[in-house]
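Read off the chains here:
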Amino acid sequence: MPSVTHEALVELFKNRPALAAELLHDALGHPVPTFTEARVESSDFTEIVPSDRRADVVVVLLVGEQQQPAMAIVVEVQLGVDPDKSYVWPVYVTQTRARHRCPTGLLVVTIDAAMARWSSRPIDTGHPGWTLTPLVLGPQGVPVVIDAAQAKAAPEVAVLSAMAHGQSEAAEAIGVAFFSGAVDELDEERRAVYGDLVLSSLNAAARRKLEAMMKSGYQFQSEFARGYVAKGRQEGILEAKAHDVLAVLEARGLEVPVEVRERVLASTDLDELDRWIRRSAVVSDARELLATTGS
């Protein structure tokens, strides 16, 4: 099941269809045709892949009075290792290209530097001359939005900036830019959700200063963001425990195969991770970790 962080990022691209094209051009320097409209289209590829395998967002850039497709962009939010993506991403691209009859690119978005490196790996499809190299927007490529006018013009970019850089020294300036520039331009629902997402993404010091600026303790306004905060904390605990497992194995000088690392980092079971932490101190081979079911 997608995490709330994943769903939050997906919503930014759905709410601002032109965002994918803007980031491709401005952040990654990828050529994008001049277009008159950006439209979110169906991302369902169930005729080829199972129903639980569909692209996060498909955006089509349209031109002219006839609204002809000039380019399609498949947007995939990637927050964890998923070996299946090397098989389904080429399907998403080719199916989107066939459906809309236009050039199609794959934009992978992540707020984790390690996942940006993983997602950037070329995918050899096995056909001569056909290697798919994803266009990846990682945290280093996300603009640091500290200007209120920029936040006002592109609120979704400001939210993405907070999610990618909210733990950095720029956190307070990012928050100030969003709340002083973007908030009044949003409808009530987006104001609540985006405001909560920005605050919950900032480090504790920046959040305290912003809450003080607003004269009272800030209460999260939307059910969506309340879930984001709660699940974000849960995800943080899971991530910390997973890294503890790997740290113990590596500190003992044990080689950690890729499949073991990926399995540990993908775990969403706290009891399992606690068991692995204990086992990591005594196993003689990292592979024994996955083969052991006892405590």
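Presented here is an overview of the structure given in this document.

1. What about the packing of aromatic side chains?
In total, this model carries two aromatic pairs according to the counting rule given. Pairing tryptophan 89 with tryptophan 118 gives two aromatic rings, centres 6.4 Å apart and planes at 65°, and the pair type is edge-to-face. Remark: tryptophan 118 occurs in helix 4 (residues 113–119) and tryptophan 89 occurs in helix 3 (residues 85–100); sequence separation between them is 29 residues. The burial state of tryptophan 89 is the same as that of tryptophan 118; both residues are buried. On the numbers, 5.1 Å between centres and 90° between planes, the contact of phenylalanine 178 with phenylalanine 179 is edge-to-face.

2. Some thoughts on unusual backbone geometry
The phi dihedral of glutamine 67 is positive, around 50°, even though this residue is not glycine. In this structure, glutamine 67 sits in the loop between strand 2 (57–63) and strand 3 (68–77). With a relative accessible area of 24%, glutamine 67 lands in the partly exposed category. The phi dihedral of arginine 101 falls on the positive side, at around 55°, and the residue is not glycine. With respect to the helices, strands and loops of the structure, arginine 101 is situated in the loop between helix 3 and strand 4 (104–109).

About the thresholds
- Residues numbered from 1 in each chain as written.
- Predicted model: local features only at pLDDT ≥ 70, side-chain atom pairs only at ≥ 80, totals over all residues.
- Heavy atoms only, no water.
- Phe/Tyr/Trp six-rings, centres within 6.5 Å; stacked < 30°, edge-to-face > 60°.
- Helix = DSSP H or I, 4+ residues; strand = E, 2+ residues; numbered from the N terminus.
- Buried < 20%, exposed > 50% of the residue type's maximum accessible area, 1.4 Å probe, protein only.

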